[in-house]
Amino acid sequence: MAITINTEPNDIAPVYSDISYVVTSTNYAQSNFKFVAVVKNAAGTIIAKLKAPIFYGTTDKGVFNISRILQNYVTYDFTQNLGTLTKCLNSYIGYSVEFGEEYGGTEYLNLTSDTGKYAWNGLFDLYGSETAATYKIDVPSSTPKFLTRVRTRRVTTSQYDYLHFLLLGYDATPKIIAYNSAGTAIATSVIKLPWVASVSDLSQFMVRFGCGPVQLNALTSGELDSGTAGNVIPSNTAYYTIQIQTGAGNPGSEVYRFDIVEECSKYTPQYLYFLNPLGGFESVRCSMASKDKYNISRKQFKRNNYTLSGNTYAYDTSKHGITNYAVEKTKEITLNTNWLTETEFEWLQDLIASPVVFLGNIPVNIVETSYEVFNYVDGPNNLKITVQYTEPERLQNA
């Protein structure tokens, strides 16, 4: 008996895309034949056991798509005031799959296996050209990208923002260079890797850090390999770049640029933080007018207000007849960004479609169910976003 793995997923794969295996067996002609797949986590604990008949239209092949199984074991990692490098322990899973077969009422397990696999809470564009190699940082190269679909951002000096990247057994840290309006470098800093890189350390696979000016300037001297604490982004910075580099100073990622733009507004800015399709969090500044609205829901019953007092039977008009017994109010806020570029409009479809959004530290849901992308032909435009608190406020019973 022999099982062969004909097709397997990449060693690193987004869990919300297909994670599929195609296997064959020399015993496919046995009576009541089935393929068996045993999925285990990185600790070797069985999390699923699947069986599949010979795939329709073939004579000896079995197909397993385990993405839905693995999705149950990843969530996300979000911290608004995130600072130095941090492992995303909730955002990925290490796994292995053992393949066997069943026929004649008997299982024959672990005939072959696929080990050392990882899946993170990302999703590739079905019509795009993304692969794991697009984002995986594992050799000196300036090609790997951060886990975002926009390649430059605008931020303010008081903004929190984030970059996430895939790192496996590699000694790599972010290097930040701040530039003035003339394009002259005025500060260079390197964030310290707070753990020892190890190929066998599964917990360092997905990494995040705070990349907003306020977070970078909050880094302490103990969190920096080089640079001046409190002055990573000097006050006269026009833009800054971030690139992952190795301990030897070789490039490990793309150069990512942040332009500092202080938008004029008489309103207090509010910030939305959202989970993007690649598993990272990003921020959006809403600096124009906002409006609060409360949606009220009531459940009611008709109370019998007739009372007997001595020999008098009468209706008590001082009490409610139709009475509220379950009243809830849910807060809804309409936010407005400042003017956006065409690239930003294209990018923010990820915000409108995001399943996880925070307004500051408060979990909210996006109300809009459609999104229109404006381009430069349409002229300057801003984005109106309506968010709703995820927990209603329950009021007193009457």
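Here goes a summary of the coordinates provided. Model, not experiment: these values are computed from the prediction. (Residues numbered from 1 in each chain as written. Predicted model: local features only at pLDDT ≥ 70, side-chain atom pairs only at ≥ 80, totals over all residues. Heavy atoms only, no water.)

As for the overall build of the protein chain
Part 1 of the reasoning: A count of helices and strands for the protein chain gives 4 helices and 28 strands.
Part 2 of the reasoning: The C-alpha radius of gyration computed for the protein chain amounts to 28 Å, which surpasses the reference 21 Å derived for 398 residues by more than 25%, pointing to a less compact arrangement than a globule.
Part 3 of the reasoning: If one aligns the C-alpha atoms of the protein chain with their principal axes, the spans along those axes are about 95 × 70 × 45 Å.
Part 4 of the reasoning: The buried share of the protein chain, taken over its 398 residues, is 44%.
Part 5 of the reasoning: The contacts in the protein chain between residues at least 6 apart in sequence include a share of 69% that link residues at least 24 apart.
Part 6 of the reasoning: Of the roughly 19800 Å² that the protein chain leaves accessible, carbon and sulfur atoms contribute 49%.
Part 7 of the reasoning: Charged side chains of the protein chain number 31 positive and 36 negative; the gap between the two group centres comes to 8 Å. (Helix = DSSP H or I, 4+ residues; strand = E, 2+ residues; numbered from the N terminus. Rg over C-alpha atoms; globule rule 2.2 N^0.38 Å. Buried < 20%, exposed > 50% of the residue type's maximum accessible area, 1.4 Å probe, protein only. Contact = heavy atoms within 4.5 Å. Areas by Shrake-Rupley, 256 points an atom, 1.4 Å probe, with all protein chains shown as cover. Lys, Arg positive; Asp, Glu negative; His and termini not counted. Charge placed at Lys NZ, Arg CZ, Asp CG, Glu CD.)

So, the sheet that holds strand β18 (residues 256-260)
Part 1 of the reasoning: Spatially, the 6 strands line up as an open sheet ordered β11-β18-β17-β13-β14-β16, and their pairing is mixed. On the outer flanks of this sheet lie β11 (152-155) and β16 (224-226), each paired with one strand and no other. Sheet twist, expressed as the mean angle between neighbouring strand axes with direction ignored, is 25°.
Part 2 of the reasoning: Relative to β18, strand β17 (residues 239-246) runs antiparallel, the two being bridged by 4 bridges. Bridge pairing in β18 links Ile242 to Tyr256. (Pairing = 2+ DSSP bridges. Axes fitted to C-alpha atoms, helices over the stretch in contact; angles between N-to-C directions.)

Describing the nonpolar core
Part 1 of the reasoning: By size, the foremost hydrophobic cluster in this structure holds 49 residues, and its most contacted members are Phe209, Tyr240 and Leu351.
Part 2 of the reasoning: The next biggest cluster of nonpolar side chains, apart from the first, holds 23 residues, and it includes Val15, Phe35, Leu70 and Tyr103. (Core = buried A, V, L, I, M, F, W, Y, C linked by side-chain atoms within 4.5 Å.)

Quick word on the state of the cysteines
Part 1 of the reasoning: For the structure on display, the rule yields 0 disulfides.
Part 2 of the reasoning: Cys211 provides the cysteine sulfur closest to Cys88, a residue in no disulfide bond, and the two sulfurs are 13 Å apart.
Part 3 of the reasoning: According to the relative accessible area criterion, Cys211 is buried, its value standing at 0%. (Disulfide = S-S within 2.5 Å.)

Details of a nonpolar patch on the surface
Part 1 of the reasoning: On the surface, Tyr306, Leu308, Tyr313 and Tyr315 cluster together into a nonpolar patch covering about 470 Å² of accessible area.
Part 2 of the reasoning: At the level of elements, β22 (306-309) and β23 (312-315) are the ones that each hand at least two residues to the nonpolar patch.
Part 3 of the reasoning: Given the relative accessible area of 55%, Tyr313 is considered exposed. (Patch = residues over 30% accessible without salt bridge, like charges linked within 9 Å, V, L, I, M, F, W, Y side chains within 5 Å. Salt bridge = Lys/Arg side-chain N within 4 Å of Asp/Glu carboxyl O.)

A closer look at the sheet that holds strand β1 (residues 3-7)
Part 1 of the reasoning: Strands sit in the order β1-β3-β6 across an open sheet of 3 strands; the sheet is antiparallel. Two strands close off the open sheet at either side, each with one partner strand: β1 and β6 (61-65). Each adjacent strand pair in this sheet contributes to an overall mean axis angle of 30°, direction not counted.
Part 2 of the reasoning: In terms of strand pairing, strand β3 (residues 20-25) meets β6 through 5 bridges, oriented antiparallel. Within β6, the position partnered with Thr24 by the bridge is Lys61.

Here's the deal with unusual backbone geometry
Part 1 of the reasoning: For Asn32, which is not a glycine, the phi torsion comes out positive at approximately 55°.
Part 2 of the reasoning: Here Asn32 is to be found in the loop between β3 and β4 (34-41).
Part 3 of the reasoning: A positive phi angle, near 50°, is found at Asn110, a position not held by glycine.
Part 4 of the reasoning: Looking at the element boundaries, Asn110 is found in strand β9 (residues 106-120).

Quick look at the pairing of β9
Part 1 of the reasoning: Looking at chain direction, strand β2 (residues 12-14) and β9 are connected through 3 bridges and run parallel. Bridge assignment links Ile12 to a residue of β9, and that residue is Tyr118.
Part 2 of the reasoning: Sheet topology places strand β8 (residues 92-103) next to β9; 10 bridges connect them, and they run antiparallel. Across the sheet, Glu102 pairs through a bridge with Glu107, a residue of β9.
Part 3 of the reasoning: The loop that links β8 with its antiparallel partner β9 comprises 2 residues; one of these, Gly104, has a positive phi angle of about 60°.

Brief notes about a negative patch on the surface
Part 1 of the reasoning: Where like charges cluster on the molecular surface, the negative patch consists of Glu342, Glu346, Glu372 and Asp378.
Part 2 of the reasoning: With respect to the helices and strands, Glu372 occurs in the loop between β26 (362-366) and β27 (384-389).

Topic: the pattern of salt bridges
Part 1 of the reasoning: For the structure on display, the rule yields 19 salt bridges.
Part 2 of the reasoning: The shortest N-O distance in the salt bridge between Lys117 and Asp114 comes to 3.3 Å.
Part 3 of the reasoning: For Asp114, a relative accessible area of 8% translates into the label buried.
Part 4 of the reasoning: When salt bridges that share partners are traced, they join Glu8, Asp11, Asp114 and Lys117 into one network.

Section: the side chain of Asn121
Part 1 of the reasoning: One can find Asn121 in the loop between β9 and β10 (136-137).
Part 2 of the reasoning: Separated by 2.8 Å, the side chain of Asn121 and the backbone oxygen of Thr75 make a polar contact. (Polar contact = N/O pair within 3.5 Å; in protein donor to acceptor, adjacent residues only side chain to side chain.)

Structural notes on the environment of Leu395
Part 1 of the reasoning: Take Leu395: it is sitting in the segment after β28 (393-394).
Part 2 of the reasoning: Leu395 sits 292 residues away from Tyr103 along the chain, and the two C-alpha atoms are 61 Å apart.
Part 3 of the reasoning: Residues in contact with Leu395, not counting those within four places in the same chain, are Val327 and Lys329.

Here we look at the packing of aromatic side chains
Part 1 of the reasoning: Within this structure, the stated rule accounts for 28 aromatic pairs.
Part 2 of the reasoning: An angle of 40° between the planes, with centres 4.9 Å apart, marks the rings of Phe78 and Phe281 as tilted. Residue Phe78 is located in the loop between α1 (67-71) and β7 (86-87), and its partner Phe281 is located in strand β20 (residues 281-286); the two are separated by 203 residues in the primary sequence. Residue Phe78 shares its accessibility class with Phe281, and that shared class is buried. (Phe/Tyr/Trp six-rings, centres within 6.5 Å; stacked < 30°, edge-to-face > 60°.)

Nothing here speaks to function; it is all geometry.
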